Structures are given as structure tokens and as C-alpha cells.
Amino acid sequence: DGGITQSPKYLFRKEGQNVTLSCEQNLNHDAMYWYRQDPGQGLRLIYYSQIVNDFQKGDIAEGYSVSREKKESFPLTVTSAQKNPTAFYLCASSIVGQTGSSPLHFGNGTRLTVT
Amino acid sequence: GDSVTQMEGPVTLSEEAFLTINCTYTATGYPSLFWYVQYPGEGLQLLLKATKADDKGSNKGFEATYRKETTSFHLEKGSVQVSDSAVYFCALRGPGGSYIPTFGRGTSLIVHP
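These numbers come from a predicted model, not from an experiment.

What counts as what
- Residues numbered from 1 in each chain as written.
- Chains lettered and ligands numbered in written order.
- Predicted model: local features only at pLDDT ≥ 70, side-chain atom pairs only at ≥ 80, totals over all residues.
- Heavy atoms only, no water.
- Helix = DSSP H or I, 4+ residues; strand = E, 2+ residues; numbered from the N terminus.
- Rg over C-alpha atoms; globule rule 2.2 N^0.38 Å.
- Buried < 20%, exposed > 50% of the residue type's maximum accessible area, 1.4 Å probe, protein only.
- Contact = heavy atoms within 4.5 Å.
- Areas by Shrake-Rupley, 256 points an atom, 1.4 Å probe, with all protein chains shown as cover.
- Lys, Arg positive; Asp, Glu negative; His and termini not counted.
- Charge placed at Lys NZ, Arg CZ, Asp CG, Glu CD.
- Pairing = 2+ DSSP bridges.
- Core = buried A, V, L, I, M, F, W, Y, C linked by side-chain atoms within 4.5 Å.
- Axes fitted to C-alpha atoms, helices over the stretch in contact; angles between N-to-C directions.
- Disulfide = S-S within 2.5 Å.
- Buried area = accessible area lost by both parts, 1.4 Å probe.
- Salt bridge = Lys/Arg side-chain N within 4 Å of Asp/Glu carboxyl O.
- Nonpolar A, V, L, I, M, F, W, Y, C, P; charged D, E, K, R; others polar.

(A) Region of the structure containing the overall build of chain A. When you go through chain A residue by residue, the secondary structure sums to zero helices and 11 strands. Its helices and strands taken in sequence order, chain A reads β-β-β-β-β-β-β-β-β-β-β from the N to the C terminus. For 115 residues, the compact-globule formula gives about 13 Å, and the C-alpha radius of gyration of chain A, at 14 Å, lands near that figure. Its C-alpha atoms put chain A at 40 × 30 × 30 Å along the principal axes. Per-residue burial for chain A yields a buried fraction of 46% across its 115 residues. Here the contacts in chain A between residues at least 6 apart in sequence split such that 52% fall between residues at least 24 apart. For chain A, the computed accessible surface area is about 5700 Å², with 45% contributed by carbon and sulfur atoms. In chain A, 11 side chains carry a positive charge and 10 a negative one; their mean positions are 7 Å apart.

(B) The pairing of strand E7 (residues 56–59) of chain B, seen in detail. Residue and element names in this part refer to chain B. Relative to strand E8 (residues 62–65), E7 runs antiparallel, the two sharing four bridges. Considered in E8, the bridge of Gly57 is made with Ala64. Linking two consecutive strands that pair antiparallel, namely E7 and E8, is a turn of two residues; a positive phi of about 55° is found at Lys60 within it.

(C) Region of the structure containing the nonpolar core. Among the nonpolar cores identified, the biggest contains 25 residues, and Leu19(B), Trp35(B), Leu48(B), Phe73(B), Leu75(B) and Tyr88(B) are the most heavily contacted of them. Elements supplying a minimum of two residues to this core: strand E2 (11–14), strand E3 (19–21), strand E4 (23–26), strand E5 (32–38), strand E6 (44–50), E8, strand E10 (86–93) and strand E12 (107–112) of chain B. For this core, the element with the highest residue contribution is E10(B), accounting for four residues. In this view, Tyr88(B) contacts Gln6(B), Ile21(B), Trp35(B), Tyr36(B), Val37(B), Leu47(B), Phe62(B), Leu75(B), Gly106(B), Thr107(B) and Leu109(B); residues no more than four positions away in its chain are not counted. Leu11(A), Val19(A), Cys23(A) and Leu112(A) belong to the second largest nonpolar core, which has 19 residues in total.

(D) Seen up close, the sheet that holds strand E8 (residues 76–78) of chain A. Residues and elements named next belong to chain A. Read across the sheet, four strands follow the order E1-E3-E8-E7 without closing on themselves; strand pairing throughout is antiparallel. At either end of the open sheet lies a strand with only one pairing partner, and these are strand E1 (4–7) and strand E7 (64–66). The sheet shows a mean angle of 20° between the axes of neighbouring strands, taken without regard to direction. Looking at chain direction, E7 and E8 are connected through three bridges and run antiparallel. Of the residues in E8, the one forming a bridge with Val66 is Leu76.

(E) The state of the cysteines, seen in detail. All chains considered together, the criterion is met by two disulfides over all chains. Cys23(A) shares a disulfide with Cys91(A); S-S distance 1.9 Å. Where Cys23(A) bonds to Cys91(A) through sulfur, the torsion about that S-S bond is close to -75°, and the disulfide is left-handed. Taken together, the residues span a long stretch of sequence, with Cys23(A) in strand E3 (residues 19–25) and Cys91(A) in strand E9 (residues 87–94) at a distance of 68 residues. Take Cys91(A): its relative accessible area is 0%, and that puts it in the buried class. The disulfide that involves Cys23(B) links it to Cys90(B), with 2.0 Å between the sulfurs. Between Cys23(B) and Cys90(B) the disulfide shows an S-S torsion of about -70°. By sign, it is left-handed. With Cys23(B) in strand E4 and Cys90(B) in strand E10, this residue pair connects regions lying 67 residues apart in the sequence.

(F) Spotlight on the environment of Lys52(B). The residue Lys52(B) is located in the loop between E6 and E7 in this model. Taking the C-alpha atoms as reference points, Lys52(B) and Ser32(B), separated by 20 residues in sequence, lie 6.6 Å from one another.

(G) Structural context of the interface of chain B and chain A. Across the contact, 23 residues belong to chain B and 26 residues belong to chain A. Together, the buried faces of chain B and chain A total about 1900 Å²; carbon and sulfur atoms form 54% of this surface. By the criterion of area lost to chain A, the three top residues of chain B are Leu44(B), Arg93(B) and Tyr99(B), representing 29% of everything that side buries. In this structure, the connection of chain B to chain A is made through zero salt bridges. Elements supplying a minimum of two residues to the side of chain B that touches chain A: E5, E6 and E10 of chain B. By residue class, the composition of the side of chain B that touches chain A is 10 nonpolar, nine polar and four charged.

Keep in mind these values describe shape, not function.
Put into C-alpha cells, the structure is as follows:
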């Protein structure tokens, strides 16, 4: 079955360490996204990419970095510059179409805890 | 810019009650509208969608109608079950190649037996 795989499901890190969250999709989607979810705050867009080797900052990109070297993969690095990194991180993908009618497909998330 | 406003939760209902979760939007042009559901500890899943005015999306007993005149896309279900307890997100996605969706803040639904 096609889908999006995020790993690991739970991640624990010490403050000051960088950490990379994995996101892989086999849906052949061009667009990929990273969201952060905090209790009561809905989804906030971190980075997105429409095509390989190109990505754009979202609303809260500070302290995060991404790469898009392959269509299937869009890893997110949470750097030590991110002041409050503990959160639930969601990766998504979609078809890029002219009508905007394609939904997003989400992974099951990675819960990052930094102490 | 585009925006989506959902009713605040939590919405607490008894099993077999009628559910309405309100969603209104602001957008240029004619966006597609979506409802997603998120169960505890999981990602979001598409519940239903509608792509033009007066379209009705439906799935698993849930329905929502694209109302252009009131810019609304309210989610309804005639008889909720305990297993429907989740967070529901309304979202829109514009036409013309825009690929950045706009999400509401989510509405938590709690269904008691």
C-alpha cells in the first residue's frame, strides 16, 4: 500500500543537540510538507517543497532545516537554534495540480521531546 | 489571505446524538474544501471533500455541503459513536496551482457511551 512513513514515532534528545526526523513517501507525489502541532494550536507550516531540490519556508521555519534530494524523501532537522522544539511533527504529501482539489496525505507523526 | 474558522471545542455528545461542527472560510476565487480527522496519536486522514459550490462530500456517515453564499462547510453526522471521538480539521486549498492548504485550528469531539 502507498503511504507516508515517518520515523521514529518517539524521539528524545538533550537540549543543544540537532535531530533529524525522517519522512518517506511512495505515492509519487511532487509536493511535501512539514507541520508542527502543539496542543490547542492546530497545524503550523514549517517548510514545504513542490519539486526535488527546491523548498520554501513556511510560517515557523526558524530553527529548522530541510533537504529534498529525492522525490520520495523530505527529512526535517530540528537544530539547537529552535527555542522550543518539543512538539508533534507531521509530514504530508500531495499531488500538485491546477485546481487545488487534491488532499494532503499525512504520516503518523513523530513526537519529539527535548530535555 | 485565506482563512478558515472552526467552532471551538471540545464538543461533548452522548452516543447516537446529532453532530454539527461549524466551519466558515475566507478565500479568493473558488477553493476546494476538506474535512480531516485526527485520532489520538496519529496523523490526519481525509474524511471528505467538495470541490465546487453546492457539492456534498460524504464518508462514514459524515456529510458537508459547500455553501458559497454563506462561505461555509459545516460537518454533520446523524448519529455519532464513541469511535468518532477525535479532532476534526476543516481546510481549504485554492485553485490556480496554489499548493499551500489553509487549516482551521481543529475541533475536538468527545462522545460518551
